[in-house]
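Residues per chain are reported as follows:
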Amino acid sequence: MTFAEYAWLIPIFPLIAFVVVGFLGNRLFKNWEGGAPIAIGMTAISLVLSLAVAFEALTTGTGTPFIQSLEWIVVQGGEFAFTFNMGIYIDNLTALMLIVVSFVATLVVIYSLGYMHEEGEKKRRYYAVISLFISVMLGLVLASNFLQMFIFWELVGLCSYLLIGFWNTRPSAASAAKKAFLVTRIGDIMFMIGLFVLFVGFQGNLDFAYIFDNVDAFVGGNELLTFGTLMLFGGAVGKSAQFPLHDWLPDAMEGPTTVSALIHAATMVKAGVYLVARSYPVMVETPDTMLVIAFIGGFTAIFAATMALNNTNIKRVLAYSTISQLGYMFLALGAGGYIFAQQPEFNVGYAAGTFHLMNHAFFKALLFLSAGAVIHAVHTEDMRLMGGLSKKLKITSLVMLIGCLSIAGIPPFSGFWSKDLVLEAAFAGIEYNSLFILLYAFGLITAFMTAFYMFRLWFLTFSGEPRDKHAYEHAHEAPAVMWVPLALLAILAFGSGFAFLFGFESTLVPGLMDFHPHEAGPIDLLTAVFTNVLTYASIAAAVLGIGLAYMMYKKRAIDPARFTSGSVGKTLSNVLLARYGFTKGYDWIGLKVVYGTAKVVDFIDRRLIDGLINGISAGLIRSGNFLRRAQTGFVQSYAAVIVVGVSLIVILLFLVGGVI
Amino acid sequence: MFENIPILSLLILFPLVGAIAAFMMGRSPKAAKYAALAFSAIPLALSTLLLTEFSLTGGFQFVEKYQWISFLGISFHLGVDGVSITMVFLSTLLVFLAILFSWDVEERLHQYMGLMLVLEVGVLGVFLSLDYFVFYIFWEVVLIPMYFLIAIWGGVNRAYASIKFFIYTHVASLAMLLGIFALFFTTAPLLQADGLIPADAIGTFDMLLIADVAGGLGEMLQIAIFGALFFGFIVKMPVVPFHTWLPDAHVQAPTAGSVLLAGLLLKMGSYGIIRICLPTLPEAAVDFQLIMAVIGVVAIIYGALACLAQSDLKKMVAYSSISHMGIVMLGIATLTQLGIAAAVFQMFAHGLITAVLFMVCGMFQHKAGTREIPMLGGLAPKVPILSTVMMMGFMASLGLPGMVGFLAEFMVFTSTYDAWGVWVLVPIATVALTAAYYLWAMQRSIFGELTTKIDTKHLHDAYWFETVPLAVLLGLIILFGVWPAFMLDLITPSIPMVWPLSGVI
Amino acid sequence: MIPIEYFLALSGILFVIGALGVLTKRNAIVVLMSVELMLNAANINFVAFSSYYGNLNGAVFALIAIAIAAAEVAVGLAIIMNLYKTRDTISLDEINLLRW
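Not measured: the values here are computed from a predicted model.

The rules behind each value
Residues numbered from 1 in each chain as written. Chains lettered and ligands numbered in written order. Predicted model: local features only at pLDDT ≥ 70, side-chain atom pairs only at ≥ 80, totals over all residues. Helix = DSSP H or I, 4+ residues; strand = E, 2+ residues; numbered from the N terminus. Contact = placed C-beta atoms within 7 Å. Buried ≥ 20, exposed ≤ 12 C-beta atoms within 10 Å, placed from the backbone. Pairing = 2+ DSSP bridges. Nonpolar A, V, L, I, M, F, W, Y, C, P; charged D, E, K, R; others polar. Expected span 1.5 Å × (residues − 1). Arc of directions from axis to C-beta. Domains from an automatic or database assignment. pLDDT = per-residue confidence, 0-100.

Visitor: Explain the overall build of chain A here, please?
Guide: A tally of regular secondary structure across chain A gives 28 helices and two strands. With the principal axes as the frame, chain A shows a C-alpha extent of 130 × 65 × 60 Å. Relative to all contacts within chain A whose residues are 6 or more apart in sequence, the contacts with residues 24 or more apart total 80%.

Pasting the structure below:
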């Protein structure tokens, strides 16, 4: 291992960019695109190093991870000795994530050069924070223990908060940023509890290497471990926007489109999937957790897809699509783990989840960035004001078509391969638990809906007659700094799926204990895929979806209004637009329940406690006021009291006798 | 090389000299300002020296002991261990920065500076003394300058706030005094029996000697003494329901006063519990464990909820102190090394963070003329430095990793889980609540559309004497967040000294 | 030799006159004079007992009391003078600054 020795530098370079761009003042970068060249340069260096490290890990990897760490905190003596480490842990999964993150990040930063050009002085803040994000995201990927992962997990959340609220003078952006942070914090609390369970259960050691090798050393029984892994997954639910903590992601589209592409599609929201995949050796010990993961994933997939069906905001459609696709990944991982617990040769689920993670990162980044190019051209996110743009935006429409074909799952585009694997994993689960019949059905219906809404998006945007003449007139193709990254991503969105044929599964899987990869050549795999009837089911679902979209939005053979005219259709449509009431529900919990309780507490504080205290003090003051009446100010009356008092004492002494 | 220098006495002496000098500079208040800065810089330098010279083996170091009133067993006994050294460093740092931050005070400047230094004398004395009598004297000394700082330089309702502060803490310290006397008289026979004091002595006020034998007292007596001392300390911390003096005092106090009140005075309470209650009366501590945990949790949640309801930025920060000191209490309540070390670290972290927060509130008051959140809005583009600092402070306070508050909170909750299992779910809800009130306050005060309720044309961003202390504090917040081992290595070896776990439970 | 009871009776009468004067008179000077009467009643007692027991201690006390009384009159008169200067009256009815 030579390059891996320097892997710790990977997050350092963007961090340097953050410090330089963020703290060296506006003046220095006024004529320099707000420090963009530094951000791009540092990210590119990281990319090169990442690729080298990843290549090395994937080709020479023997299944044993490369680990480097230094002690961060050592607590010794007493009854509780433990060490927190900071380090890097590189196996094939890390390598995969490194490639995805640094590659997409580099392209997005370059793309920003064009997209953010008009932002003026705010650009510096943008490039600083996005550099910080890239740094901490790479740190998350490289983390060597759960605590370190949690630390970076929180920091990516911070960057997400800062970038969603980039246009912070817009109230909606500030509100969306807050919502994103708070909702993911709910997940973070669960993550923390999961960490406590592991920390105490594994006697104060949170290192991946130790835990994965000593899963049996957990103290507290399998039920506690199940609780712990469920809580870890709770963290993933928050970060990856799964049901019921999904509602922040559509709001997060208030940020710049580049941010949506990088953070809320390709990298940060994948952290939850990465967490589950990373802790697979622990997770598979608890099949109940795996079942929950599969169910939440499958349900979220179909649940989010429905909301994308009738939305008219181009970015929101993509956001729902992201939630739905993340659900696919959890479905695959959960199903795979559930089966694995009973049949330790099964590795399709794990491969499917991570494979879809990679492919999705490429095609969803592509889709978001293309959408960004469209928005850049027409200055609106409302698809009702677009249309016919393919004449003006030739490249954009082409690359977006590739992205749509890929996500819809049309062979040989990348989405096809991984989606097929996901569905295969879900189908395989039927043998073990009949719940998977439902989940497989969810997956298949989602595939149909995905194809439909993506092509609805494409047709509404690019085909037909322009619905807003003015915007159409002013639309122009994106500059080269924008379309070149798009083209690169399009190549990957088309081609990354072929990794499957060339040993993706057998490369990735050996990082895990007890996995037995079957070695198979491309031809075998190809035959396996295309002789399976399930493959044709998913292709059929995709083609049906595209066909329906074509009929409705291109040929206009079916009027879309038909579905919303009836009272049922109207209600349904409104429910979807209201996101099943989740937005209201969150607001209700926040404003009514929590804020209401806060008001009650405030009342107790002001009226009850302070009322009691002030009441005591007022009582004392009042009795003092009463008693001070005795103080008349006439010396003679005081003297009279003295005389009377002395006389009384003398008389009393006489009466009692004895002294005198 | 420093063995022969009475460094701890000097630490107390320099601010005292500075205070006297400042009080006498009524003719040239400007000079008093520089003198105060110089005389607070020296203790800061000395305490930094102390940090570097302190050996990581734990135990009391740099001990000084001079007989004072020998027939009552009173001696001027000073010493530092890992718990107090963090507090000493925090005290000298915060006083120095608070003086710098008050650079633009004009009214009765020399007295203001003098009082700040008297406050430093008192606080340092509390953290350094190892004799109950000296401890109590310094404890009361702290009260007076803070009372005057609020009563003279405070806001509109300062008379109410300052008297409330004084009465609350004074009543509490009377309870504490009773506890000290009880310890003094009841331990005397035990000390005589062990030959630790002469047979004809009335008793001793020495903390370490008393701690040696107090375990031999009867259990009911221990509980009673613990209760009296504990009451004295928790009012100072403060915990619900003895907390209402705190928001009032903070809202009325001048900025530097708030910084020292929250940064140092609150710590005296928790420090007292760690230094006195636990090691002296360990069996009673076990009896009180559940009570401590409950009041800690109540303070955490109650404080956080109260924050959410506030419209005054400074009052919100004041309530957040209650919540964060509740975390300290919870850490102490676990009675484990990890928990108490985390509690001490949280005290240090809270001292740094809350100083930033109160400075930010003070700047809002100063520049925008109001701290009412509904009056503010959209100020981020107008005052970028202030907004950035505010955001960093809030993020530190809500426990963002990479900043000093995270690890402390995390360790407290870890030890809570260790001690009580999934009950940790209750206090950990504060992680979300804290984020909620901070983010919401930020959203309403610096984000969104620019407010029209105040004059925003002449808003001035931070001045140098405001930027410098804030930059120093934020630098330390990040430094100790990235490298917490530095402080934890100091603290943890001293915890067994504080809490002799072996053979108690 | 005159029996001691006579002296005691005289001093008792003087003391009661003085006390009544202090309690009832409004004029500050008269009150001051009444205070002197009470003092001298006490002095008579001292001297009487001194000669009765053949011990000079009582006489010494009386002498000291006279000296102190002289000083006290000076202070008292000075206060009354100042009162008169500032308030144009020495009537005790109108001097009640020490009121609630």
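On we go.
Visitor: In this structure, what is going on with the overall build of chain C? I would like to understand it.
Guide: A tally of regular secondary structure across chain C gives three helices and zero strands. The order of helices and strands in chain C, counted from the N terminus, is α-α-α. Taken along the three principal axes of its C-alpha coordinates, chain C extends 50 × 25 × 25 Å. Looking at chain C as a whole, 11% of its 100 residues qualify as buried. Contacts spanning at least 24 positions in sequence make up 46% of the contacts within chain C whose residues lie at least 6 apart.

Visitor: Honestly, the pairing of strand 1 (residues 61-69) of chain B in this entry has me stumped. Any pointers?
Guide: Regular strands place side chains that alternate from one sheet face to the opposite one. Residue and element names in this part refer to chain B. Inspection of the sheet shows strand 1 paired to strand 2 (residues 74-80) by six bridges, in the antiparallel sense. Pairing of Ile69 across the sheet is with Ile74, part of strand 2. Remark: four residues form the turn of the hairpin made by strand 1 and strand 2, two consecutive strands paired antiparallel; Gly73 in that turn has positive phi of roughly 70 degrees.

Visitor: What should I look at first to understand the arrangement of the chains in this one?
Guide: Counting contacts across all two pairs of chains found in contact, the highest total belongs to chains A and B. In this structure chain B stays clear of chain C, and the shortest span between their C-alpha atoms is 21 Å.

Visitor: Any chance you could explain the interface of chain A and chain B here in plain terms?
Guide: The extent of an interface is frequently quoted as the accessible surface area lost upon association of the parts. Listed per partner, the contact involves 40 residues of chain A and 42 residues of chain B. Sorting the residues of the side of chain A that touches chain B by element identifies strand 1 (66-75), helix 6 (146-164), helix 7 (171-201) and helix 27 (582-627) of chain A as the ones contributing at least two each. Considering each element in turn, the side of chain A that touches chain B owes the most residues, 14 residues, to helix 7 of chain A. Looking at the side of chain A that touches chain B, its residues break down into 25 nonpolar, seven polar and eight charged.

Visitor: What's the story with helix 1 (residues 12-23) of chain A in this structure? I'm lost.
Guide: One turn of the α-helix equals 3.6 residues, which is why residues spaced by three or four share an orientation. Residue and element names in this part refer to chain A. The end-to-end C-alpha separation of helix 1 is 16 Å, in line with the 16 Å expected for twelve residues at 1.5 Å each. Listed in full, the buried residues belonging to helix 1 are Phe13, Pro14, Ala17, Phe18 and Val21. The arc that holds the buried residues of helix 1, viewed along the axis, is 145 degrees, so those residues lie on one side. Contacts made by the buried residues of helix 1 are with helix 3 (36-60) and helix 5 (122-142).

Visitor: Just to check I follow, could you spell out the domain arrangement of chain A for this structure?
Guide: On domain assignment, one finds that chain A holds domain 1 (286-572) and domain 2 (584-656). Centre-to-centre, using C-alpha coordinates, domain 1 of chain A lies 72 Å away from domain 2 of chain A.

Visitor: Looking at this structure, I do not really get the confidence of the model for chain C. What am I missing?
Guide: On average, residues of chain C carry a pLDDT of 89, and 98% of them reach 70 or more. We note a pTM of 0.89 for the whole complex and an ipTM of 0.92 for its interfaces.

Visitor: How should I be thinking about the environment of Ser390 of chain A in this particular structure?
Guide: Residues and elements named next belong to chain A. Among the structural elements, Ser390 can be located in the loop between helix 16 (348-378) and helix 17 (394-408). Along the chain, Ser390 and Met358 lie 32 residues apart, while their C-alpha atoms are 28 Å from each other. Beyond its immediate sequence surroundings of up to four residues, Ser390 is in contact with Ser397, Phe462 and Ser463.

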